[in-house]
Amino acid sequence: MNEKTNENSNFIHDFIDIDLEEKVYDHVHTRFPPEPNGYLHIGHCKAMYINFSTAEKYHGLCNLRFDDTNPIKEDVEYVESIMEDIKWLGFDWEDRLYYASDYFEELYEFAEHLIKKGKAYVCDLSQQEVREYRGTPTEPGKNSPYRERTVEENLDLFRRMRAGEFPEGSRTLRAKIDMASPNLNMRDPVIYRILKSSHHRTGDKWCIYPMYDFQHPLSDALEGITHSLCSLEYEDHRPLYNWVVNECEPEHRPRQIEFARLNLTYTVMSKRYLRELVETGIVSGWDDPRMPTLCGLRRRGYTPEALKDFCDRIGVAKTNSTVDYALLEHCIREDLNKKADRVMAVLRPLKVIIDNYPDGQIEYFEVENNPENPDSGTRNVPFSREIYIEREDFMENPPKKYFRLYPGGEVRLKGAYFIKCESVLKDPLTGDIKEIHCTYDPASKGGNSPDGRKVKGTIHWISAAHAIDAEARLYDKLFSVPNPGEDGREYEDDLNPNSLEVLTDCKVEPRLREASMGKGYQFLRMGYFCPDSKDFTKERPVFNRIVGLKDSWAKVAKK
RNA sequence: UCCCGGUUUGUGUAAUGGUAGCACAACUGACUCUGGAUCAGUUUGUCGAGGUUCAAAUCCUUGACCGGGAGCCA
């Protein structure tokens, strides 16, 4: 399936082609650098896909590197979940698992190198003062009074910073670049800060930690990364990235290329919003099936194949764009259409009694598991006098073009018989339909009538005596508008009140008691479902709706 | 206001001076024991204004609009 990938090109590949041609590099080596401070979402999936598939296209390698230089925010808990998600998607970093924290010693050496070259200095300005000295986008900054310290003094101070002699926040190491640069990132950026907090991997060994802008290009260089692919927000940092590479003089010289991050309609993607959704209980957790997190999508029933296909289709560019959620749905439908076994499940049951069918008789009908895949075989489903059909498959007063069941009308029960509705039994008090009575045509056994009579509708059904009870969770988009929080609204105002409907009285085929975890099923005519990884038990099967089937009747009915 | 980036149909994304294409969405129709799938077809686009050229989405000038940027976050 990745053959398709390799045919595609994009502006990053164009740059790489030129680099290869001009012999700037003779191979391609990328990296995926998550910060272990949260859960991965579908936006990360895009970044991962770009990095891994680019390496693959050029027969190169892609590393996994945790960008863990801020001990305050990071935790091993996230390292585990991130690796799990990447593995699940099927990306393989082989033996190249790295941590920026592994490079603390080398990074420190590079910093001393900079000091010795007169390109970095220890600054005693407070955080507030640094901000004031920085200037604004329209006004240049002012030089720090500590900018002209001697190399010896800087070296001494920096070593004492490392030794823990100074309190947190009292001093920083800054790159000596240009306080008048129109690019704020070049106005003597801080490259080391004192942080007296223990790190999830290095413990209390360090009390100074490198900043991203210093650490990242050097980590890339140390790993021999050729193309450091990142999102657009780092575009303004590229001059600094290059400055660090040029001044530190590492053996390898990586190149940074930026692309636009993924936005999806009907979705929020920022870590902050996702966290709020979890913390306020709007969703049940990071893995709530409505979340765009990879663990959420996995629990929802999305497959790695569908997600990667999606990443392939959305392309790579520098334009800020918002991809239509419908494309994601298309990808999972397309994947599951080929793979998912069909099964009959009645979500909102309506009892049907076939008056002329012998009481106590049971027949088995052979139905195919997946018409799209002959290899999937067939199964036998039991039929009897009392069955359930979907409530929406019967209407007492049908509109035009409704070709399901109605009084006097005839439909085919999938794989079984034609039945005709003879009467409707209602609750005398509420008027609710309790059950309907039908007659069947014995000659239509298997679903066809020898007299050539046609029926327009085929509906799914389940033998009442054989059905097992199940719960279905009908998930829909978390938000009801394409761009939540747009036009000054709060994103909470745009939540879809119907993003979850729980149906507890479903009737499904007995085989679903043995449903395999992680596998998607098509509930015939209803949509794709999968067993819920947390709540499914044989005693109480619980299914999540992954996505509905395209429903052209719904469109007609709306008119 | 300063710096950086961007603008191709409803949404994404190609076309790198030479037929504006593909996918999703939408809409027709065919077929169907899933109103699914499949198949066939249709609609809609180069941000504006100038210029260069036989020829411009592409090059030049200029304007508009959108996104990002003043963490000891990444």
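Quick notes on the rules
Residues numbered from 1 in each chain as written. Chains lettered and ligands numbered in written order. Predicted model: local features only at pLDDT ≥ 70, side-chain atom pairs only at ≥ 80, totals over all residues. Heavy atoms only, no water. Core = buried A, V, L, I, M, F, W, Y, C linked by side-chain atoms within 4.5 Å. Buried < 20%, exposed > 50% of the residue type's maximum accessible area, 1.4 Å probe, protein only. Helix = DSSP H or I, 4+ residues; strand = E, 2+ residues; numbered from the N terminus. Contact = heavy atoms within 4.5 Å. Pairing = 2+ DSSP bridges. Axes fitted to C-alpha atoms, helices over the stretch in contact; angles between N-to-C directions. Right-handed = clockwise from strand over helix to strand, strands pointing away. Domains from an automatic or database assignment. Parallel < 35°, antiparallel > 145°, perpendicular 65-115°, else oblique. Nonpolar A, V, L, I, M, F, W, Y, C, P; charged D, E, K, R; others polar. Salt bridge = Lys/Arg side-chain N within 4 Å of Asp/Glu carboxyl O.

Student: Just checking my understanding: could you explain the nonpolar core for this structure?
Tutor: Soluble globular proteins tend to bury their nonpolar side chains together. One finds Ile12, Ile42, Met48, Ile86, Leu307 and Phe310 to be the most contacted residues of the largest nonpolar core, which totals 65 residues. The element best represented in this core is helix α3 (residues 42–57), accounting for 8 residues. With residues near it in sequence (within four places) discarded, Met48 still touches Phe32, Leu40, Ser53, Ile86, Leu89, Phe91 and Leu294.

Student: Is there a simple way to think about the sheet that holds strand β1 (residues 29–32) in this case?
Tutor: Backbone-to-backbone hydrogen bonds pair the strands of a sheet. The strands run either parallel or antiparallel. Read from one edge of the open sheet, 3 strands run β1-β2-β3, paired in parallel fashion. Edge positions in the sheet fall to β1 and β3 (97–99), since each has one partner strand and no second. This sheet shows a mean twist of 35° between the axes of neighbouring strands, independent of strand direction. Where strand β2 (residues 61–66) lies against β3, 3 bridges are found, and the strand directions are parallel. For Leu64, the partnering residue across the bridge sits in β3 and is Leu97.

Student: Would you mind showing me how to read the pairing of β1 here?
Tutor: Consecutive side chains along a regular strand alternate between the two faces of the sheet. Side chains His29 and Arg31 project from β1 onto one buried face, and the interleaved Thr30 and Phe32 project onto a second face that is buried too. Sheet analysis places β1 next to β2, joined by 4 bridges and oriented parallel. The residue bridging Phe32 from the neighbouring strand is Leu64, located in β2. Each parallel crossover has a hand, and the one from β1 via α3 to β2 is right-handed.

Student: What exactly am I supposed to notice about the domain arrangement of chain A here?
Tutor: The accessible area lost on association of the parts is a frequent measure of interface size. Domain parsing of chain A yields domain 1 (7–261), domain 2 (271–341 + 470–558) and domain 3 (345–460). Taking only C-alpha atoms into account, the centre of domain 1 sits 64 Å from that of domain 3.

Student: Even after reading the chapter, I still don't get the packing of helix α5 (residues 104–116) against helix α9 (residues 238–248), so can you show me in this structure?
Tutor: For any two helices packed against each other, the geometry is given by the interaxial angle and the distance between the axes. Between α5 and α9, the least distance of the axes is 10 Å, while the angle of their chain directions is 80°. With respect to their mutual orientation, α5 and α9 come out roughly perpendicular. In this structure, α5 contributes Phe110, His113 and Leu114 to the contact, and α9 contributes Trp243, Glu247 and Cys248. The class makeup of the residues in the contact of α5 with α9 is 4 nonpolar, 1 polar and 1 charged.

Student: Is there a simple way to think about the sheet that holds strand β4 (residues 120–123) in this case?
Tutor: On the basis of which strands lie adjacent, the open sheet formed by 4 strands has the order β4-β5-β6-β7 and antiparallel pairing. The open sheet has two edge strands, β4 and β7 (208–210), and neither has a second partner. Across the sheet, the axes of successive neighbouring strands diverge by a mean angle of 20°, strand direction being ignored. Bridging between strand β6 (residues 190–194) and β7 involves 3 bridges; their strand directions are antiparallel. Following the sheet pairing, Tyr192 is matched in β7 by Pro210. In the packing of helix α7 (residues 151–162) onto the sheet, the strands contacted are β4, β5 (172–175), β6 and β7, and the crossing angle to β4 comes to about 60°.

Student: Honestly, the pattern of salt bridges in this entry has me stumped. Any pointers?
Tutor: A side chain with one charge can pair with a side chain of the opposite charge if their charged atoms come near. Going through the model one piece at a time under the given rule, you end up with 57 salt bridges. When the shortest N-O distance is used, the salt bridge between Lys507 and Asp469 registers 2.7 Å. Taken together, the residues span a long stretch of sequence, with Lys507 in strand β22 (residues 500–508) and Asp469 in strand β21 (residues 468–475) at a distance of 38 residues. Owing to a relative accessible area of 12%, Lys507 belongs among the buried residues under this scheme. For Asp469, a relative accessible area of 40% corresponds to the partly exposed category.

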